[in-house]
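Remarks on the overall topology
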Amino acid sequence: MQRLLLFAGAYYHPPFDEGVKLVAYHLYQHLPRLTEVVLATTAEGAPEEANVVPNNPFGFARHVRRLCKAHRPQAVLYVPDAYLDRYTLARCGLLRWAAGGVPTGMVTLMPATVDMWVRVMTRFLRPDVVFPVTDSELDFYRRRGIRSRMFPPAIDVERFRPARDEAEKRGLRRKYGLPEEGKICIHVGHFRKSRNIERLARLQMPDGTRLVVVGRRSRPGEDDTAQTLRDHGAIILDSFLPDIQEVYQAADLYLFPVEEDRAAIAMPLSVLEAMACNLPIVSTPYGGLVRCFEGVQGVYFARTREEFQEAMARALTGPVPRTREAMEGHNWGRAATDILAGLEECR
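Residues numbered from 1 in each chain as written. Predicted model: local features only at pLDDT ≥ 70, side-chain atom pairs only at ≥ 80, totals over all residues. Heavy atoms only, no water.

1. Comments concerning the nonpolar core
Of all hydrophobic cores here, the largest spans 77 residues; its most connected members are Leu77, Phe151, Ile186, Tyr248 and Tyr254. Every residue in contact with Ile186, bar those within four places of it in the chain, is listed here: Val212, Val247, Tyr248, Ala251, Leu253, Tyr254, Leu255 and Leu279. One finds Ala40, Val64, Tyr78 and Leu89 within the second-largest nonpolar core, a separate group that totals 26 residues. (Core = buried A, V, L, I, M, F, W, Y, C linked by side-chain atoms within 4.5 Å. Buried < 20%, exposed > 50% of the residue type's maximum accessible area, 1.4 Å probe, protein only. Contact = heavy atoms within 4.5 Å.)

Structure follows, in structure tokens:
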């Protein structure tokens, strides 16, 4: 394949600090190593290398058509802001039409919204290939005769690594104003009630253990649960941290309490980042995590608050985690290669 049109959603702008934006960002960093890539988005404030097109359907179709005539891509990859629904199916159909019917793929990072209209639209506006994250999504597309290929877990394992020794770990704790003694449990993610972060406030931290939550309100109008966490003794780091890997390196355990299907992408990058830093993980059985990491030493799944509490105690006193080993080979270069292979199969 000589040229690819990569279309990112309306939130493709700095800071790149949440799931969907980060996936699109990393794919754009790695796909050009394999083929020529033309980047397009409707996002205001997008990086200068992006071709910004109007969001309204008519302006969108006209500008994308003009872009495709100028660059003549052999395939299109669409990374929507959310999941497969009426809107993303319609946009996928417009992208395929504008590109002259070349193979069109879609990355779906959250479960689809399925209603009568979606069932009808998948007959006519379906992508040629979908890259889902969960088994249920894979089954959904295959039952409708849509080619699908699992989107692999991916992380920058060179950036996200364990602390070299206790001295580095203590130095990082001092840098971020964290307790130098005792254990630290962390969660990284935006302050939304839908992410079930308030469960963390209700957990009983073991003696000498502090909870640290790194996050911000991601979009205007969303509920902010930071004060609830502070009231229960949590340390809040609510500014953008460009070296977020250092906070993982300063910690002893990663907690992921999310339950709602669309409160995070189905393969949460924060969990993968923590695993690459060889932290033990206590998580709800969320999205594609169980499929990929059940049985990994240092990964504990829990549903109820009681199970979460018990798993946290076991994780802090259990055997040395081997979570980083589970991330070996799961890098963005491999993800980009898999996606291009899936698109090539459609040609």
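2. Points about the packing of aromatic side chains
Following the criterion strictly, the structure yields eight aromatic pairs and no others. Ring centres of Phe160 and Tyr248 lie 5.9 Å apart, and the angle between their planes is 75°; this geometry places the pair in the edge-to-face category. Of this pair, Phe160 sits in the loop between β7 (147–148) and α6 (166–175) while Tyr248 sits in helix α9 (residues 245–249), and the two are 88 residues apart along the sequence. An identical accessibility class is assigned to Phe160 and Tyr248; each is buried. (Phe/Tyr/Trp six-rings, centres within 6.5 Å; stacked < 30°, edge-to-face > 60°. Helix = DSSP H or I, 4+ residues; strand = E, 2+ residues; numbered from the N terminus.)

3. A short note on helix α4 (residues 116–124)
Every buried residue of α4 is accounted for by Val118, Met121 and Thr122. Looking down the long axis of α4, one finds its buried residues gathered within 105° of arc, a one-sided arrangement. In α4, the exposed positions angled more than 90 degrees off the buried face are occupied by Met116, Arg123 and Phe124. Lining the buried residues of α4 we find α3 (86–98). (Arc of directions from axis to C-beta.)

4. What about the sheet that holds strand β2 (residues 36–41)?
Overall, parallel pairing links the seven strands, which are arranged β3-β2-β1-β4-β5-β6-β7 in an open sheet. In the strand order of this sheet, the two ends are held by β3 (51–52) and β7, each with one partner. Strands in contact with helix α14 (residues 332–344) are β1 (3–8), β4 (75–79), β5 (104–107) and β6 (129–131); relative to β6, the strand with the most contacts, it is inclined by about 160°. (Pairing = 2+ DSSP bridges. Axes fitted to C-alpha atoms, helices over the stretch in contact; angles between N-to-C directions.)

5. Quick look at the side chain of Ser148
Position of Ser148 among the secondary structure elements: in strand β7. Taking the relative accessible area as the measure of exposure, Ser148 reaches 13% and is therefore buried. In contact with Ser148, other than residues within four places in its own chain, are Val129, Val130, Pro132, Leu138, Tyr141 and Arg142.

6. As for the packing of helix α2 (residues 57–71) against α3
In the contact formed by α2 and α3, the axes pass within 8 Å of each other and the chain directions differ by 35°. Considering the relative orientation of α2 and α3, their crossing is right-handed. Contacts from Pro57, Phe60, Ala61, Val64, Arg65 and Cys68 of α2 reach α3 at Arg91, Leu94, Leu95, Trp97 and Ala98. Class assignment of the residues belonging to the contact of α2 with α3 gives a composition of nine nonpolar, no polar and two charged. (Left-handed = near helix turned anticlockwise from the far one by under 90°. Nonpolar A, V, L, I, M, F, W, Y, C, P; charged D, E, K, R; others polar.)

7. Some remarks on the packing of helix α1 (residues 19–30) against α14
Contact geometry of α1 with α14 gives a least axis separation of 9 Å together with a crossing angle of 80°. Judged by the angle between their axes, α1 and α14 are roughly perpendicular. Along its contact with α1, which presents Val23, His26, Leu27 and His30, the element α14 presents Trp332, Gly333, Ala336 and Ile339. Its residues placed into classes, the contact of α1 with α14 shows five nonpolar, three polar and no charged. (Parallel < 35°, antiparallel > 145°, perpendicular 65-115°, else oblique.)

8. Digging into a nonpolar patch on the surface
The grouping of Met116, Trp117, Val120 and Phe124 at the surface amounts to a nonpolar patch, some 470 Å² of accessible area in total. Looking at the element boundaries, Val120 is found in helix α4. The exposure class of Val120 is partly exposed, given its relative accessible area of 33%. (Patch = residues over 30% accessible without salt bridge, like charges linked within 9 Å, V, L, I, M, F, W, Y side chains within 5 Å. Areas by Shrake-Rupley, 256 points an atom, 1.4 Å probe, with all protein chains shown as cover. Salt bridge = Lys/Arg side-chain N within 4 Å of Asp/Glu carboxyl O.)

9. Things to note about the sheet that holds strand β12 (residues 281–283)
Within the open sheet, the six strands sit side by side as β10-β9-β8-β11-β12-β13. Their pairing is parallel. Since the sheet does not close on itself, it has two edges, and those belong to β10 (235–237) and β13 (299–301), each with one partner. Direction aside, the axes of adjacent strands within the sheet are offset by 20° on average. Of the pairings in the sheet, the one linking β12 to β13 comprises three bridges and is parallel in character. Directly across from Val282, in β13, lies its bridge partner Tyr300. Contacts from helix α10 (residues 269–276) reach β8 (183–188), β11 (253–256), β12 and β13 within the one sheet, and its direction differs from that of β11 by about 165°. Those strands touched by helix α12 (residues 305–317) are β8, β9 (209–214), β11, β12 and β13, and its axis lies near 160° from that of β11.

10. Topic: α10
Of all eight residues that make up α10, eight are buried, and the element is covered over most of its length. All of the buried residues along α10 are Leu269, Ser270, Val271, Leu272, Glu273, Ala274, Met275 and Ala276. Downstream of α10 by one or two residues, Asn278 has phi in the positive range, about 60°.

11. Side note on the pattern of salt bridges
A full pass over the atoms with the stated rule returns 20 salt bridges. Arg170 is the partner of Glu181 in a salt bridge, and the nearest nitrogen-oxygen pair spans 2.9 Å. Residue Glu181 is located in the loop between α6 and β8, and its partner Arg170 is located in helix α6; the two are separated by 11 residues in the primary sequence. Residue Glu181 is classed as exposed on the basis of its relative accessible area, which comes to 55%. The closest approach of N and O atoms between Asp338 and Arg334, which form a salt bridge, is 3.8 Å. Placement of both Asp338 and Arg334 in helix α14 is noted, with a separation of four residues, approximately one turn of the helix. It is possible to trace a salt-bridge network through shared partners that takes in Arg147, Arg149 and Glu345.

Everything listed is a geometric property; what it means functionally is a separate question.
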